[in-house]
Structure formats: structure tokens, C-alpha cells
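Given next are the chains, with one letter for each unit.
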Amino acid sequence: MKVLVIGGGAREHALCRSLSLDPDVTALYCAPGNAGIAEVAELRPVDALDGDAVARLATELGAGLVVVGPEAPLVAGVADAVRAAGIPCFGPSGEAARLEGSKAFAKDVMAGAGVPTARSYVCTTPAEIDEALDAFGAPYVVKDDGLAAGKGVVVTEDVDVARAHALSCGRVVIEEFLDGPEVSLFAITDGTTVLPLQPAQDFKRALDGDAGPNTGGMGAYSPLPWADPKLVDEVLETVLQPTVDELRRRGTPFSGLLYAGLAITSRGVRVIEFNARFGDPETQVVLARLKTPLAGVLLASANGTLDTLPPLNWRDDAAVTVVIASHNYPDTPRTGDPIDGLADVAAQDGPDAYVLHAGTRAEGDTVVSAGGRVLSVTATGKDLTAARERAYTALGRIRLDGSQHRTDIALEAARS
């Protein structure tokens, strides 16, 4: 089949890389894509937020499947427009994507589904904000109710910082702090059947030792050697399936990728947040370990036939990805800097290590930075130690002036 992927980040590059390796994919397109995706897919221009434009492009290309990567097009209803054109689409409806688009909506769904999560207040006035902050105390967890590209959450011991962020958001969710390690668990669903993937852990803070500001994610790894082997089954039973069932009961079935951000607390598993799409950078490591061809699984989700698929097949290898970010990320990142060394990684480290592009563009024969998170250097190995060594060796070949990366991705897990 012909597949069209919507988006232009490292998540979409990871998706396109996996789809390009699928023998059932006869043609692969990405809109708008980036300099790295151009190596595995044919790029087309499109306004990713314009559902009619995406549907027209898919029709022109004769696409048999459209995969919507980022959250903003999903919340804008792009998947609805594609489906209205009679084309199978992997991604939830705009109404169901409110699970990510509104933290307050997600909390309401979790309450209806009996899903364990942090106690919270939805606040719209300064008085409500002060009351909620006082009720929970430090550390304060303040979440912008809407989409914020992974940077709408502040966790701080400073009440003034927490209050300032809350006031800047308009509508805000303030909740209790959840202790314990965090886990990302993706599940592919057709609105009834839920197919969990392998868990991963990402690193949201900008600096080593989980210091610095929140970012969209600075690296990830999978599997999790320290996690309970029964974790996936438990989350499927207590979180994923009840949420999908509740949304279907409400008349807004969720078809696509359901992402549960979890805290493994002293009181058990708690949901931190839901996303309505593959997460970045966790997708990079999860797909690196998936042996089952991807296109058929995504199409089964779009067509409502997930229950007919055999179990997913996974590699035993571990995977690690390390994000290279621009100077001054996540504040006001510098762009337009040339990137050198990409060919060296391809020549010396493949196929066990490779570079997925996030914020890049081509200027003639030169690839330059075009965003805050620029590259995801991804590697596999027999264990996390081997995967880490390959990822950081490959990363060392890349030169981007003023760039930054964490040096401790998967370090503690590799020692466990």
C-alpha cells in the first residue's frame, strides 16, 4: 500500500524508517517531513493543521493509509477529514484527541473509567489557583490545560514560580506530586481492542541528573530492567482498556495511539498524563525494538480489525536514543547552524546506530538546524550498556555548533 505520514519531527522519522522497511509499503510519502525523512520518503508540502488539505493530498497520492504524527493536527480534527474522504487514517478523532488536548477532559475521563491518577483541581481564577497550591503544598505540579508542545508542565518547590506559571496559562490543572519513577507505555487501539507496546522511559529535564527546565524530552531507553514484569498487563487492565472503554461509552471512540505517562508510586501505578499520539523520544526506541512490520498494525487500528492480528514480535535487543538540542534550548533555540558528521555515522555505525532528524532542513547540500530538538541518535545492542556505548559513540561524530545533550541517558538503568 501507499502510506502518507503527516509531520516533520524525529517521531515521524522513526515512523517513516520503520514503514520504509515494511515490504507491504509500496510508496512512502511524508508531509512536510525534514532533511532526514527525505532519505526514506518522498516529501510533499502541506499545512498539517488543514484537514481538507491533508485529505486532498492523500487522495492525489492514492494513499491507502494516512498516519498523523503530531498532536496539534489530531486535536484540530485532521484525522476526521481524512476519514471523511474515505481513506483509512491512524489517529484519533478531534473529539477523542481531547484526551491530550485538555488535561481537564482527561481527568474527567479517568474519573469515569476509575483510572488511578493524581488528585487535582481545575483552576481558572487567581483565588482558585492559590487555594489549590495551598492544598497540595510543595513540590507543586502545575499543568497548562491545553497543548504546550511538552513544555506546559512546571514542577517546582517555589510557590511563586508555580503561581506565575498557573496565571500565565488561563485554565490550569494543579495536582498532587506523584513520587517514584516514570514510565511511558504506548498502546495501539481501534476503539475496542487495545494492543500494548513495550514500555520505555524518557528524560524530560534538560540537564544531567534531571536538573534544569522541562523539555520535550532529551532521550529515552527500552526495555526497563528494573520494572515489574507484570507492569504492562497491570496497566492494560487498570488504565488502558478502561480508558478506551470509557471513551467508547461516551460516544467518542479512540482509535490510534494511546500514550499513558505513568508514575510507579509507593501506592501503585498512577497516570500522570495521556497523549493521543506516539511520544517523542520514546517512539525512537520502541520502534527500534519492534520486529512486526508496522504498516499492517497501523492499518488494522484504522480499520477496526486489531483483534485479528497475531501477537506483536519484539527484538531482545535494548535501544537507547539521545537527543541533540540547539543552543539555548528549551528557551529560544538558535537555528540555521550547519550539521556535520551525519555521513560518518551512516558509514561507521550502521545499522546498529543511526540518526533520526527532528528539527532539520536542507540548504543545498548542507543540513542545518531548524528547531530546538535537532537530532535523535538511536542505537541498539544486546543490553542497555552496549546500546548506550553505540549511541554515544555515534553522537561523538556529529558536530553542531553550540549544541547540547545529556550524558546520562539510561545510565542508571544500565547499571541495574
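None of the values given here were measured: they were computed from a predicted structure. (Residues numbered from 1 in each chain as written. Predicted model: local features only at pLDDT ≥ 70, side-chain atom pairs only at ≥ 80, totals over all residues. Heavy atoms only, no water.)

Which parts of the structure should I look at to understand the environment of Asp-340?
Among the structural elements, Asp-340 can be located in strand β19 (residues 339-340). For Asp-340, a relative accessible area of 40% gives the class partly exposed. Those residues in contact with Asp-340, other than ones at most four positions away along the chain, are Arg-397, Ile-398 and Arg-399. (Helix = DSSP H or I, 4+ residues; strand = E, 2+ residues; numbered from the N terminus. Buried < 20%, exposed > 50% of the residue type's maximum accessible area, 1.4 Å probe, protein only. Contact = heavy atoms within 4.5 Å.)

I'm lost on the pairing of strand β22 (residues 366-369) in this one. Help?
If a strand is regular, its side chains alternate between the two faces of the sheet. As paired strands, strand β21 (residues 360-363) and β22 are joined by four bridges and run antiparallel to one another. Looking at the pairing, Arg-361 lines up with Val-368 of β22. The antiparallel hairpin formed by β21 and β22 contains two residues in its connecting segment, where Gly-364 sits at a positive phi of about 65 degrees. (Pairing = 2+ DSSP bridges.)

Explain the sheet that holds strand β8 (residues 153-156) to me, please; I cannot follow it from the model alone.
The strands making up a sheet associate through backbone hydrogen bonding, with each pair oriented either parallel or antiparallel. On the basis of which strands lie adjacent, the open sheet formed by four strands has the order β6-β9-β7-β8 and antiparallel pairing. The sheet is open, and its two edges are formed by β6 (120-123) and β8, each paired on a single side. Averaged over all adjacent pairs, the angle separating strand axes in this sheet is 20 degrees, with direction ignored. Pairing geometry for β6 and strand β9 (residues 172-175), over four bridges, is antiparallel. By the bridge assignment, Ser-120 is partnered in β9 with Glu-175. Of the strands in this sheet, β6, β7 (140-144) and β9 are in contact with helix α7 (residues 126-136), which crosses β6 at around 165 degrees. Packed onto the sheet, helix α8 (residues 159-169) meets β7, β8 and β9 and runs at close to 15 degrees relative to β7. (Axes fitted to C-alpha atoms, helices over the stretch in contact; angles between N-to-C directions.)

Help me out: how do you make sense of a negative patch on the surface in this one?
On the surface, Asp-228, Asp-233, Glu-234 and Glu-237 cluster together into a patch of negative charge. Along the polypeptide, Asp-233 turns up in helix α9 (residues 231-249). Overall, Asp-233 belongs to the exposed group, its relative accessible area being 54%. (Patch = residues over 30% accessible without salt bridge, like charges linked within 9 Å, V, L, I, M, F, W, Y side chains within 5 Å. Areas by Shrake-Rupley, 256 points an atom, 1.4 Å probe, with all protein chains shown as cover. Salt bridge = Lys/Arg side-chain N within 4 Å of Asp/Glu carboxyl O. Lys, Arg positive; Asp, Glu negative; His and termini not counted. Charge placed at Lys NZ, Arg CZ, Asp CG, Glu CD.)

In this structure, what is going on with the pattern of salt bridges? I would like to understand it.
Once their charged atoms are close, side chains differing in charge can pair, the charge on each being opposite to the other. Per the counting criterion, the structure on display carries 27 salt bridges. Notably, a salt bridge pairs Glu-71 with Arg-11, separated by 3.9 Å at the nearest N-O pair. Placement of Glu-71 in helix α3 (residues 71-75) and of Arg-11 in helix α1 (residues 10-20) is noted, with a sequence separation of 60 residues between them. For Glu-71, a relative accessible area of 14% translates into the label buried. Here Glu-246 and Arg-249 are joined by a salt bridge, their closest N and O atoms 2.7 Å apart. Here Glu-246 and its partner Arg-249 are both found in helix α9, three residues apart, which amounts to about one turn of the helix. Given a relative accessible area of 5%, Glu-246 falls into the buried group. Overlapping salt bridges, with partners in common, bring together Arg-11, Glu-12, Glu-71, Glu-100 and Arg-277 in one network.

Remember that the coordinates give geometry; whether it matters functionally is a separate question.
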